[in-house]
Amino acid sequence: MAKRCQLMLKEIYERAQSVGDKALVVDLGGRRKTSRKDFVRLVNSGAYYLKKKGIAAGDIVALELGRSMEHIAMRLACHCIGAVYVSVNPDYPEDRKKGLYLSCNPVFILKEDMLSGIELGEYPCQIDEELNDNDPGVIVFTSGTTGVPKGILHDRSIYFAVGCMPGTYGFDEGEKEYAAVADMMFNVSTGDMFAIFHHWTMHIIDDETRKDPAKLRKYFIEHSIQVTIILPSLFRIIMPVESMKYVLLVGEPTTFDLSEYSTEAINFYVSSEAGAISYGFAKREKGIGRNYPHGRIYLIDEDGKEIEKGDMTRSGEVCFTGLSVMIGYLGKEALAEERIETEDGEEFIVRTFHTKDIGRYNDDGTITVFGRMDSTVKVRGNRVNTTEVEYAIINIPGIKEAAVKSFEKKGENYLCAYYTSLDGEELEAGMITDSLRKSIPEYMVPAFFIHKKEFEKNVHGKIDREKLEAPERRQKEYVKPQGEIEAEVAEVIREVTGIKLVGAEDSLVSMGVSSLKAIGLQMEIEDTFSVNISAAEILQIDTVRGISAEIRKRAEDKEKGTAKTEQPAENLRKEYYPLTNLAWACFNAVRA
């Protein structure tokens, strides 16, 4: 069987010895720079540490670490010895983390406070020569049909596929500055690893910066970032950045004209189950269905027969055959059999993935994907399974039944939740929202909550979702904005969101204002009033009247010189450049 992953790891080791002083990873807001030699030394020591803990090839190790150099190093340490890693966001709600661990059953959970137990030294190379590309390598999660995220097991070949990416797109020449922006819980973060494999400098963007477009753009400019993976909508907000040469667009369709940007934009068609399925150059092609190397994308009809590439009259299910297709779902063998076909190849196992997406060929041979076959929908660039949201709502005390449905307004999806209560009375929408934020991510929280005395049922006794109508965007009597500031805030909201009538006391969340729209509001408010109110604060304050009051308060504080200042960097984390004394510096740095 093929052993290309070991070859890539060995190349990292060898390159580190020849150009050891060059920074390989930058983190802590750009303040810490770790050389190749020190990074590889940490990987080797981490692999030795895991072996001493009894971790063997095939064992599952959970990395409950933050956005740090250590997190990336421990991924590779697992990879060296053949352990299967799963990255878990330490800031996730405890109940959600428990659900993840029940799904994957790790033999070891590595947390930040345990890193000091790793004894750094000059250990011999820890790469296991017996491993092959089809051995298990990494677990990622996606939303499941039971309300619990599904664990997806990939083999090691996904790393070889990732390593091929820069060569595929034509930007593999020379060393580059790369920004890792994606949440480390998600499969996109696996794609970040190509920066390490190609010996570029990987900038791990901290949570505060990656969630604030203005700060993210500033970081890109100050550090001359050349390549990143990002949402198209976020790309539109932060560009132009003069140094940026290549942007890999993921997570949602690109709906705007890219011709005005000098940056080469590459559209991805990806899934948690199959990684990067295909791609297309945004300025050159109609769709994103160009075959990814080591794989083939195609369409099948309702009878399971392949649709000819030149047939542009019929749509079909998108299928993908090649490297990076998952081994299967954890504990869901029947579902895996439905989605995956497997056969033995000469060098590696060949798997075909049925995406459940609908697509159609274009005249240039590419494929345009335009819909889903199941209950999964895209909301603000994130794939959301409405069943998981329903499950979270039903678990709120006082709620009897729930249904969640997606609606579209001006090209943007939003969720509406319908529920019945145990006592028949309406619950406070704010209480429901606060409860949901403890169990599911913000982007999964519905924009509307509609109480119903009872649901209409179909002949099977299930909720008749066809009878659930779109909510009214306005749920209270219109109150005219008063004064110059309220009038200007209302005008900003109208311009950014497209909502024609905005009252002083209307709820922005109830009118379907998304997190991305709130980011636009943040930037416009700063330009108009010279005060900064974050997108999260805008959604929390929620009304024109409340936002206007906050603008007045911050403007007054600014004049008095009492506005909040940023905490000095040394109070957040300790700086060290580069890591030369890893025995102390790597694992005793103060963590925010």
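> Explain the pattern of salt bridges to me, and be specific about the residues and the numbers.
Overall, the coordinates contain 24 salt bridges when judged by the stated rule. Across the pair Glu64 and Lys97 runs a salt bridge whose closest N-O atoms are separated by 3.0 Å. On the criterion of sequence distance, the pair formed by Glu64 in strand β3 (residues 60-64) and Lys97 in helix α4 (residues 94-104) is long-range, its members being 33 residues apart. Residue Lys97 is classed as buried on the basis of its relative accessible area of 3%. Through salt bridges that share partners, Lys22, Arg36 and Glu175 make up one connected network.

> An account of α4 is requested, with residue identities and associated values reported.
By the burial criterion, the buried members of α4 are Arg96, Lys97, Gly99, Leu100, Tyr101 and Cys104. Here the buried face of α4 lies against β3, β4 (84-87), β5 (108-111), β6 (136-142) and α13 (386-394). Following α4 by one or two positions, Asn105 has its phi on the positive side, about 50°.

> Lay out the pairing of strand β1 (residues 23-27) with the relevant residues and their values.
Judged by how many residues are buried, β1 sits mostly within the fold: 5 of 5 residues are covered. Taken together, the 4 bridges between β1 and strand β2 (residues 32-35) define a ladder with antiparallel strand orientation. Of the residues in β2, the one forming a bridge with Ala23 is Ser35. Direction of pairing for β1 relative to strand β9 (residues 201-204): parallel, over a ladder of 2 bridges. Bridging from a neighbouring strand, Val25 pairs with Met202 of β9.

> Hey, could you go over the nonpolar core for me, with residue numbers and the actual values?
One broad trend across soluble globular proteins is that nonpolar side chains are buried collectively. Grouped together as the largest cluster of nonpolar side chains are 68 residues, with contacts concentrated most on Phe39 and Leu248. Per-element tally for this core: the top contributor is helix α3 (residues 69-81), with 9 residues. Other than its neighbours up to four places away in sequence, Phe39 contacts Leu24, Val25, Thr34, Met69, Ile72, Ala73, Leu76 and Ile196.

> Describe the sheet that holds strand β24 (residues 412-421), with residues and values.
Pairing in this open sheet of 3 strands is mixed, and the strands run β23-β24-β25 from one edge to the other. Edge strands, defined here as strands with exactly one partner in the open sheet, are β23 (399-409) and β25 (448-451). On average, adjacent strands in this sheet sit at an angle of 25° to one another, irrespective of strand direction. Relative to β24, β23 runs antiparallel, the two being bridged by 10 bridges. Counterpart to Ala403 in the pairing with β24 is Tyr418. Across the face of the sheet, α13 comes into contact with β23 and β24 while running at roughly 145° to β23.

> Quick one: what's the story with a negative patch on the surface, residue by residue and with numbers?
A grouping of Glu495, Glu524, Glu526 and Asp527 is seen on the molecular surface, where their side chains present a negatively charged patch. If you tally residues by element for the negative patch, the top one is helix α16 (residues 515-529), at 3 residues. Tracing the backbone through its elements, the reader meets Asp527 in helix α16.

> Run through the packing of helix α15 (residues 483-497) against α16, naming residues and quoting values.
Contact geometry for α15 and α16: axes closest at 10 Å, N-to-C directions at 140°. As summarised for this structure, α15 and α16 are arranged oblique, according to the angle between their axes. Judged by the sense of rotation from one axis to the other, the crossing of α15 with α16 is right-handed. Judged by residue contacts, Ile485, Glu488, Val489, Val492, Ile493, Val496 and Thr497 of α15 engage Lys517, Gly520, Leu521, Glu524, Ile525, Thr528 and Phe529 from α16.

Cut-offs applied
- Residues numbered from 1 in each chain as written.
- Predicted model: local features only at pLDDT ≥ 70, side-chain atom pairs only at ≥ 80, totals over all residues.
- Heavy atoms only, no water.
- Salt bridge = Lys/Arg side-chain N within 4 Å of Asp/Glu carboxyl O.
- Helix = DSSP H or I, 4+ residues; strand = E, 2+ residues; numbered from the N terminus.
- Buried < 20%, exposed > 50% of the residue type's maximum accessible area, 1.4 Å probe, protein only.
- Contact = heavy atoms within 4.5 Å.
- Pairing = 2+ DSSP bridges.
- Core = buried A, V, L, I, M, F, W, Y, C linked by side-chain atoms within 4.5 Å.
- Axes fitted to C-alpha atoms, helices over the stretch in contact; angles between N-to-C directions.
- Patch = residues over 30% accessible without salt bridge, like charges linked within 9 Å, V, L, I, M, F, W, Y side chains within 5 Å.
- Areas by Shrake-Rupley, 256 points an atom, 1.4 Å probe, with all protein chains shown as cover.
- Lys, Arg positive; Asp, Glu negative; His and termini not counted.
- Charge placed at Lys NZ, Arg CZ, Asp CG, Glu CD.
- Parallel < 35°, antiparallel > 145°, perpendicular 65-115°, else oblique.
- Left-handed = near helix turned anticlockwise from the far one by under 90°.

Everything listed is a geometric property; what it means functionally is a separate question.
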